[in-house]
Amino acid sequence: MAPGTTASMHDVAHAFFEACETGKGWEGCRQFCAPDATFSAQSEPLADLHTLEQYADWMKAILTPLPDGRYEVRSFAADEERGNVIAYGIFSATHTGEG
């Protein structure tokens with residue numbers, strides 16, 4: 001990005017998604033998030049996670065028993081006017097590691 005320009009909401013969200021879903025943890029994601037960013041999911045394994053920091057670190061940890069974890073984005077859209085980003089993807093992995 002050129003000096004003096006700002007990233008679009010889409011670009012920031014995409015960079016966060018890439019860092020998070022590839023196991024960079026909060027250290028690799030925090031630059032894209034507000035420090036108190038919240039998280040919620042309807043998935044039972046994620047029910048006790050309430051912040052993006054917790055989710056980012058959970059994704060990092062889950063790649064230990066699932067070292068070949070990968071995702072395929074099927075849809076990614078940003079609604080700048082309403083401040084929303086929607087990502088739809090499929091995560092695949094084989095349980096071959098410890099844990």
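The model shown is predicted, which means the values in this text are computed figures rather than measured ones.

With that settled, consider helix α1 (residues 9–21). An α-helix turns once per 3.6 residues; consequently, residues spaced three or four apart project the same way. Between its first and last C-alpha, α1 extends 18 Å over 13 residues, near the 18 Å set by a 1.5 Å rise per residue. Of all the residues in α1, the buried ones are Ala13, Phe16, Phe17, Ala19, Cys20 and Glu21. Looking at the buried residues of α1, the elements they touch are α2 (25–29), α3 (52–62), β1 (70–79) and β2 (84–92). Positive backbone phi, at 80°, marks Gly23, one or two positions downstream of α1.

This part takes up the pairing of β2. Note: β1 against β2, nine bridges, orientation antiparallel. Along β2, the bridge assignment pairs Ala78 with Val85. Between the antiparallel neighbours β1 and β2 lie four residues, among them Gly83 with a positive phi of about 70°.

About the cut-offs
Residues numbered from 1 in each chain as written. Predicted model: local features only at pLDDT ≥ 70, side-chain atom pairs only at ≥ 80, totals over all residues. Heavy atoms only, no water. Helix = DSSP H or I, 4+ residues; strand = E, 2+ residues; numbered from the N terminus. Expected span 1.5 Å × (residues − 1). Buried < 20%, exposed > 50% of the residue type's maximum accessible area, 1.4 Å probe, protein only. Contact = heavy atoms within 4.5 Å. Pairing = 2+ DSSP bridges.

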